[in-house]
2 protein chains.
Amino acid sequence: MAVYIKAVLELTLRNGRFSATFARTTCIRKESTKASKLVYSEYGEASKVVRQESESLRIQKDHEITVRMLAAPVNPSDINTIQGVYPIKPKLPSVPGNEGVGEVISVGNNVKNFTPGDRVIPRYNAWGTWRTHAVCEATEMMKVSQNIGIIEAATLSVNPCTAYRMLQDFVQLSSGDTIMQNGANSAAGQYVIQLCRVWGINSVNVVRNRDNIEELKCYLADLGATHVLIEEELRTTELFKAQGVQKPKLLLNCVGGKNAQDCLRHLFKGGVMVTYGGMSRQPVTIPTSAFIFKDINAHGFWITQWNKDHDRSPEQEEMLQDITCMYEADLLKPPIHKLVPFNNYQEALENTINPKGFSGVKYILDFQC
Amino acid sequence: MAVYIKAVLELTLRNGRFSATFARTTCIRKESTKASKLVYSEYGEASKVVRQESESLRIQKDHEITVRMLAAPVNPSDINTIQGVYPIKPKLPSVPGNEGVGEVISVGNNVKNFTPGDRVIPRYNAWGTWRTHAVCEATEMMKVSQNIGIIEAATLSVNPCTAYRMLQDFVQLSSGDTIMQNGANSAAGQYVIQLCRVWGINSVNVVRNRDNIEELKCYLADLGATHVLIEEELRTTELFKAQGVQKPKLLLNCVGGKNAQDCLRHLFKGGVMVTYGGMSRQPVTIPTSAFIFKDINAHGFWITQWNKDHDRSPEQEEMLQDITCMYEADLLKPPIHKLVPFNNYQEALENTINPKGFSGVKYILDFQC
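- As annotated in an unreviewed UniProt entry, chain A carries the name Enoyl-[acyl-carrier-protein] reductase, mitochondrial and comes from Diploptera punctata.
- UniProt's Subcellular location (unreviewed entry) comment on chain A is quoted here verbatim: "Mitochondrion".
- What UniProt states about chain A under its Catalytic activity (unreviewed entry) heading is, verbatim, "a 2,3-saturated acyl-[ACP] + NADP(+) = a (2E)-enoyl-[ACP] + NADPH + H(+)".

Here it is as structure tokens:
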């Protein structure tokens, strides 16, 4: 707990030096009277195959609860699922959306662990969060703290958990150690930076060059990035030689291709690369000598599989509590995002497929507008 | 022990069915009176920079022993070391040769653990085995059983140990499990096949097509290979579908490039690839989806590093005893080899760099001719 308090102070000081802009918008809350959902009946381009439908909610049974959705993000994996190119293939027709937060508005007679007003998130992947209301088994949901924001709760189960597990499960990291990541401005990348700051780990963050690169560098430094390099700087950096920064023991890769190879060169002997994305659409190429003489170890990570393997485990419980505490202590911020009224879902779909401007903005469907 | 006895019987039966030819030659033993060594003073092509020199042995000290070399293989890594392209860079001038067996002919007054007549192998890499005699610290050598042949002893510390560790240290394999390897006719690959047979593990062995492919397939089947496929067969094989063979949990890769990628496709979910060579001179390319959705894990293995990290450890002791026992029980054969009189060392160097005919023949310097 001492570490957390120290970091709060640091965060405040940093906020004085850097100006991070959040695209959080407010909207006037209206009580929804009609239920509606997004649905798709065939795989394809999300903006074409997804349609909105009104629906009548079925009668809630004794072991069920009724949930009114508050917010649900549009993640790239949601789009890939709708396209039919993701390993998760829901039975069609299907309501898309893996993540989101809702409020319990009614509980069945046999339900003991929820009360109306509780905030809940789905326990399982492909639950279908892009709908205003749901009647579901109580066991399908888990409660989240009311002390964290709607955005924080809606995006709790994928990106911060991905960052948390990748930093915890592959290498024993101690305060003062260094990690490297590419695609550092990705949603998960932004959590990696913040968790590293909380845990006293140096993060070397690699991003692609872009028009507003200085703005992005400032934003990531404000989140807690120790170093931010564009790909070209990485190739000639003296960070690990002249500047004496400890070589990274862990490399988190969501890009692949040449970028991942360039990062890999700096990895500490015996280091670990964890691949959790492939934004370049190029595979991961590792020189034979890196395996044999540098003893590099390469793994993959997929939070969907981890959650499946660790459903209701102490590790899952501890992680969610830990992340919630960090949110409550103002040590974590959700990634840059834009709230979009549910009825304007097309804007969210299109911008997630073809991001415009400051890439890495997460679009979040807002059911309260 | 029961397993070993069973496997002896199997080996005998198999020998009746397949005819494996060994290029083991005999030669008339002459007592060497003069000491000589191979040496190189600059890195370069082995056949050009390595020369033979006579030498006078220095006076043996109280804690030293004098060894007369019996046999020493020429491994590809010896050639790479002489070329200066290996991570091990001995101080020049240097006597090449990492492996070999000698006979103790004299022991210093303070040496308790050796007696004349003992067979010994060097404990450390780059000891310099390509010499007729050596006076060295007793601690540099370790005793090997007199019950195994000279060839077996001379090649004990690299290839069988590489195969042994790769099968033991990365995946928990049980009898009935399947592994896959490429470059299956390599020296280490031949030990992998034999150890799998002893331990009841199915081996799927991939080799390049060649003129004498049927002869090679028979040879590997005779060693114990469960399946042998050429690269083209691997791409269309029904082994893991129609034929219902369990997918491999472990892939041993000494080739890289496209071959390794083709092998990787068949790996069991959560499987492990261990790279210990790169004969195609192409890096290892792994699709992002294999990491994320198939949870593939990729590691490297280098016996030199393992021996350094486990010098005099119980694991090392147990491994050498185990391999020795298998040799004594006739469960292991050394790879196809050719003995070359020490003075004809050029033949061994040239054929190791540019193998002719049945590739995978190991050239062994014979100091007894």
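Considering the environment of A:Ser41
Residue and element names in this part refer to chain A.
Then comes step 1: With respect to the element layout, Ser41 can be found in the loop between strand 1 (35–39) and helix 2 (46–49).
Then comes step 2: In the structure, Ser41 is positioned 41 residues away from Ile82 in sequence and 9.4 Å away in space, judged by C-alpha atoms.
Then comes step 3: Those residues in contact with Ser41, other than ones at most four positions away along the chain, are Arg51, Leu92 and Pro93.
Then comes step 4: There is a polar contact of 3.1 Å between the side chain of Ser41 and the side chain of Arg51.

Digging into the pattern of salt bridges
Then comes step 1: In the structure shown here, the tally under the stated rule is 30 salt bridges over all chains.
Then comes step 2: A:Glu233 is paired through a salt bridge with A:Lys217; the nearest N and O atoms lie 3.1 Å apart. Taken as a pair, A:Glu233 in helix 8 (residues 231–236) and A:Lys217 in helix 7 (residues 213–223) lie far apart in primary sequence, 16 residues in all.
Then comes step 3: Given the relative accessible area of 30%, A:Glu233 is considered partly exposed.
Then comes step 4: Residue classification places A:Lys217 among the buried residues on the basis of a relative accessible area of 17%.
Then comes step 5: In this structure, the salt-bridge partner of B:Asp177 is B:Lys249, at a minimum N-O distance of 3.3 Å. Pair noted here: B:Asp177 is in the loop between helix 5 (159–169) and strand 8 (178–182) and B:Lys249 is in the loop between helix 8 (231–236) and strand 11 (250–253), with a separation of 72 residues, a long-range link.
Then comes step 6: On the accessibility criterion, B:Asp177 (7% relative accessible area) is buried.

So, the packing of helix 6 (residues 187–199) of chain B against helix 7 (residues 213–223) of chain B
Residues and elements named next belong to chain B.
Then comes step 1: At a closest axis distance of 8 Å, the pairing of helix 6 and helix 7 adopts a crossing angle of 40 degrees. As summarised for this structure, helix 6 and helix 7 are arranged oblique, according to the angle between their axes. Side by side, helix 6 and helix 7 meet where Gln190, Ile193, Gln194 and Arg197 of the first sit next to Tyr219, Leu220, Asp222 and Leu223 of the second.
Then comes step 2: For the contact of helix 6 with helix 7, the class distribution of residues is four nonpolar, two polar and two charged.

Observations concerning the environment of A:Phe342
All names here are of chain A.
Then comes step 1: Relative to the elements of secondary structure, Phe342 occurs in the loop between strand 15 (337–341) and helix 13 (345–353).
Then comes step 2: Between the C-alpha atoms of Phe342 and Ser36, which are 306 residues apart in sequence, the distance is 9.7 Å.
Then comes step 3: Discounting chain neighbours no more than four positions away, the residues touching Phe342 are Ser36, Lys37, Leu38, Gln52, Trp130, Arg131, Thr132, Leu365, Asp366 and Phe367.

Section: the pairing of strand 5 (residues 119–122) of chain A
Residues and elements named next belong to chain A.
Then comes step 1: Because side chains alternate across strand 5, one face comprises the buried residues Arg119 and Ile121, and the other comprises Val120 and Pro122, equally buried.
Then comes step 2: Pairing between strand 4 (residues 101–107) and strand 5: two bridges, direction antiparallel. Opposite Glu103, over in strand 5, you have Arg119 as the bridge partner.
Then comes step 3: Sheet analysis places strand 5 next to strand 7 (residues 141–144), joined by four bridges and oriented antiparallel. Within the sheet, the bridge partner assigned to Pro122 lies in strand 7 and is Met141.

Notes on unusual backbone geometry
Residue and element names in this part refer to chain A.
Then comes step 1: The step from Leu92 to Pro93 runs through a cis peptide bond, and the omega angle for that step is -5 degrees.
Then comes step 2: Within the element layout of this structure, Pro93 appears in the loop between helix 3 (76–83) and strand 4.
Then comes step 3: Phi is positive for Ala126, close to 60 degrees, though the residue is something other than glycine.
Then comes step 4: By the secondary structure assignment, Ala126 is in the loop between strand 5 and strand 6 (133–137).
Then comes step 5: Ala126 gets classed as partly exposed once you look at its relative accessible area, which sits at 32%.

A word on the pairing of strand 12 (residues 272–275) of chain A
Residue and element names in this part refer to chain A.
Then comes step 1: Neither face of strand 12 is open: one carries Val272 and Val274, the other Met273 and Thr275, and all of them are buried.
Then comes step 2: Pairing between strand 11 (residues 250–253) and strand 12: four bridges, direction parallel. By the bridge assignment, Leu251 is partnered in strand 12 with Met273.
Then comes step 3: Read from strand 11 through helix 9 (residues 257–264) to strand 12, the crossover connection turns out right-handed.
Then comes step 4: Here strand 12 runs beside strand 14 (residues 297–300); their pairing, made up of four bridges, is parallel. Along strand 14, the bridge assignment pairs Met273 with Ala298.

Points about the interface of chain A and chain B
Then comes step 1: Opposite the 26 residues of chain A that make contact, chain B presents 26 residues.
Then comes step 2: For the pair chain A and chain B, the summed buried surface comes to about 2000 Å²; carbon and sulfur atoms form 65% of the total.
Then comes step 3: If you look at where chain A meets chain B, you find zero salt bridges.
Then comes step 4: For the pair chain A and chain B, the number of links is eight residue pairs in polar contact (both at pLDDT 80 or more).
Then comes step 5: Those elements that place two or more of their residues in the side of chain A that touches chain B are strand 13 (284–286), helix 10 (288–292) and strand 14 of chain A.
Then comes step 6: Here the side of chain A that touches chain B gets four residues from one element, more than from any other, and that element is strand 14 of chain A.
Then comes step 7: Taken together, the residues that form the side of chain A that touches chain B break down as 14 nonpolar, 10 polar and two charged.

Things to note about the nonpolar core
Then comes step 1: Membership of the largest hydrophobic core comes to 47 residues, with the highest contact counts inside it found for B:Leu167, B:Ile179, B:Leu250 and B:Leu252.
Then comes step 2: Tallying contributions element by element places helix 6 of chain B first for this core, with seven residues.
Then comes step 3: A:Leu70, A:Val192, A:Cys196 and A:Met326 belong to the second largest nonpolar core, which has 46 residues in total.

Some details on the packing of aromatic side chains
Then comes step 1: Evaluated as defined, the whole model comprises 14 aromatic pairs over all chains.
Then comes step 2: With centroids separated by 6.2 Å and ring planes inclined at 55 degrees, the aromatic side chains of B:Tyr40 and B:Tyr43 adopt a geometry described as tilted.
Then comes step 3: What makes B:Tyr43 partly exposed here is its relative accessible area of 30%.
Then comes step 4: By the ring-pair criterion, three or more aromatic residues cluster together here, those being A:Tyr86, A:Trp302 and B:Phe293.
Then comes step 5: Over the face of the ring belonging to B:Trp127 we find B:Arg131, whose NZ or CZ atom lies 4.4 Å from the ring centre.

Criteria and thresholds
Within each chain, residues carry numbers counting from 1 in the order of the written sequence. Naming scheme: in the order in which they are written, chains are lettered from A and ligands are numbered from 1. Totals for whole chains, interfaces and linings use every residue, but because this is a predicted model, local features are given only for residues with pLDDT of at least 70 and side-chain atom pairs only at 80 or more, for both listing and counting. Excluded from the side-chain calculations are hydrogens and water; all other atoms, namely the structure's heavy atoms, are used. UniProt positions are given in the numbering used here, feature names are shortened, and annotations may be inferred rather than shown by experiment. The helix and strand labels rest on DSSP assignments: H or I over at least four residues marks a helix, E over at least two residues marks a strand, and numbering proceeds from the N terminus. In this description, contact between two residues means that some pair of their heavy atoms is separated by no more than 4.5 Å. What qualifies as a polar contact is a pair of N or O atoms within 3.5 Å, subject to a donor-acceptor requirement within protein and to the restriction that residues adjacent in sequence count only when both atoms come from side chains. The term salt bridge refers to a pairing of a side-chain nitrogen on Lys or Arg with a carboxyl oxygen on Asp or Glu at a separation within 4 Å. Between buried and exposed lies partly exposed: a residue is buried under 20% and exposed over 50% of the maximum accessible area for its type, with that area taken using a 1.4 Å probe on protein chains only. As a rule, the C-alpha atoms of each element are fitted with a line to give its axis, helices using only the stretch in contact, and angles between N-to-C directions run from 0 to 180 degrees. Each angle receives one of four descriptions, namely roughly parallel if under 35 degrees, roughly antiparallel if over 145, roughly perpendicular if within 65 to 115, and oblique otherwise. In this classification, the charged set is Asp, Glu, Lys and Arg, the nonpolar set is Ala, Val, Leu, Ile, Met, Phe, Trp, Tyr, Cys and Pro, and all remaining amino acids, among them Gly, are polar. Between any two strands, pairing holds if DSSP finds at least two bridges. A crossover gets the label right-handed when its path from the first strand over the helix to the second runs clockwise, viewed with the strands pointing away from the viewer. Here the quantity called buried area is the total loss of accessible area, with a 1.4 Å probe, experienced by two parts when brought into contact, counted for both. Nonpolar cores are built from buried Ala, Val, Leu, Ile, Met, Phe, Trp, Tyr and Cys residues. Side-chain atoms within 4.5 Å join them into one set. Planes of paired rings set the category: under 30 degrees apart is stacked, over 60 is edge-to-face and the rest tilted, where pairs are Phe, Tyr or Trp rings (Trp by its six-membered ring) whose centres lie within 6.5 Å. Charge over a ring is defined by NZ of Lys or CZ of Arg lying within 6 Å of the ring centre and within 35 degrees of the ring normal.

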